[in-house]
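Breakdown of the fold
Each chain is listed here by its residues.
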Amino acid sequence: MRLINVETFVIHEFIGKSVPEYAILSHTWEDDEVLLQDMLDIDVAKKKHGFRKIESCCRQARDDGWDWAWVDTCCIDKTSSAELSEAINSMFQWYARSMVCYVYLSDITSSLESDLHSSRWFFRGWTLQELVAPFDVVFYSHPWNYIGTKLGLNEIIESITGIHKLVLSHDIPISEISVATRMHWANKRQTTRVEDMAYSLLGIFDVNMTLLYGEGSKAFGRLQEQILRATEDHTIFLWDCKASDSLSVTSSKRNVAASRDGESTDGEDSDDSPVHWQPVKMLAQSPSAFHRNRLKEALDLSSRVAIVLQLQSSICHLGMNLSSLKEILRYMAPNLGSAVRTLSLTSRWQRRPSR
């Protein structure tokens, strides 16, 4: 871990338990940021626009009694894929272990608490862990004006982010919050690269995975698979699965209509031309699928139908046995058994979940 000497701006590298106490900066990236290579010549670094927040962070840390500071723009060698991967997998812990986190809101020029709602910092993917992980968080507006602390602003922050103030204050550990709720925290957040929407959530779910830039939305699928391996919290399946989504079955047009209407097709003429639907994925495509109302309201029948089909099409991939499937069904909705019967699935999946 590299840290900046707040007096000299010289960067030092520390390994393992030798890492000293440090302050840390949270911000949104802009043009002309200072990189690690720029810090080799402080005169070059000072000419960049991004140096101002580094300087302000170091000055504040010095005033608060800390000798070292960490800033992501210049403390990570982004030319090394191995170091970048290690840093991203460690970043939640780096923020959690900091003595204080300074949040710099460059798009806010006043010190009014009411202006916090308009800052893009609250809607970026990476800043979620930077808000939740550290205990002591202090907010500053441009150019470096004190706004308040996370604890003092917890009600406003809760209204913006949807994160309960007891989580913000660390009175409730993040590990006790359901997977679906944590996904919902990222519902409206964005990242420049698609993959970073998944990578920025690694610490939120306390999982690790390799970085594969170029994989696109597959990264979010891999994230969910890692979560499933690490937890038995099945609320990960409570995302917005619409009945209009394609289903993983092949049937006749007549039987599809009858199944939808609850009718029998015995002895009737029917159009038996096959209908091929694409398989529905069991896992969400992005955090935007986790809506608050989805977590609160009971699943309607059409959604239950889609969920059962999702489970059926993905069960082999996830390696679940029948008892695990029953547990998921029972956890997600009390009447999923009726959805299974409505679909006339195979006898194995027709069994009603035990209560």
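Because the structure is a prediction, the values reported are computed rather than measured.

Once that is clear, we can look at the packing of aromatic side chains. Applying the stated rule across the entire model yields 13 aromatic pairs. Ring centres 5.9 Å apart and planes at 80° place the aromatic pair Trp-70 and Tyr-95 in the edge-to-face group. You can see Trp-70 sitting in strand 4 (residues 68-70) and its partner Tyr-95 sitting in helix 4 (residues 81-96), a full 25 residues away along the chain. Trp-70 sits in the buried class, given a relative accessible area of 0%. Judged by its relative accessible area of 0%, Tyr-95 falls in the buried class. Between Tyr-140 and Trp-144 the ring centres are 4.5 Å apart and the planes differ by 15°, which places this aromatic pair in the stacked class. For the pair Tyr-140 and Trp-144, one class covers both residues: buried. Site record: aromatic cluster; members linked through ring pairs are Tyr-102, Tyr-104, Tyr-140, Trp-144 and Tyr-146.

Okay, the environment of Tyr-199 next. Following the sequence through the fold, Tyr-199 ends up in helix 9 (residues 196-199). C-alpha separation for the pair Tyr-199 and Thr-210, spaced 11 residues apart in sequence, amounts to 9.1 Å. Every residue in contact with Tyr-199, bar those within four places of it in the chain, is listed here: Ile-88, Trp-126, Met-209, Thr-210, Leu-211, Leu-212, Tyr-213, Glu-215, Ala-219 and Arg-222. Side-chain polar atoms of Tyr-199 contact the side chain of Glu-215, separated by 2.6 Å.

Another aspect to go through is the side chain of Thr-28. Looking at the secondary structure, you find Thr-28 in the loop between strand 3 (23-26) and helix 1 (42-46). There is a polar contact of 3.4 Å between the side chain of Thr-28 and the side chain of Arg-120. When sequence neighbours within four positions are dropped, the list of residues in contact with Thr-28 reads Glu-33, Lys-53, Ser-106, Arg-120, Trp-121 and Arg-124.

Of all 5 residues that make up strand 6 (residues 137-141), 5 are buried, and the element is covered over most of its length. Both strand 5 (residues 100-105) and strand 6 contribute to a ladder of 5 bridges, which runs parallel. Note on strand 6: the bridge partner recorded for Leu-105 is Ser-141. In the classification by handedness, the crossover that spans strand 5, the intervening helix 5 (residues 127-132) and the parallel strand 6 is right-handed. In sequence, strand 6 turns back onto strand 7 (residues 145-149) through a hairpin of 3 residues.

What counts, and where the lines are drawn
Residues numbered from 1 in each chain as written. Predicted model: local features only at pLDDT ≥ 70, side-chain atom pairs only at ≥ 80, totals over all residues. Heavy atoms only, no water. Phe/Tyr/Trp six-rings, centres within 6.5 Å; stacked < 30°, edge-to-face > 60°. Helix = DSSP H or I, 4+ residues; strand = E, 2+ residues; numbered from the N terminus. Buried < 20%, exposed > 50% of the residue type's maximum accessible area, 1.4 Å probe, protein only. Contact = heavy atoms within 4.5 Å. Polar contact = N/O pair within 3.5 Å; in protein donor to acceptor, adjacent residues only side chain to side chain. Pairing = 2+ DSSP bridges. Right-handed = clockwise from strand over helix to strand, strands pointing away.

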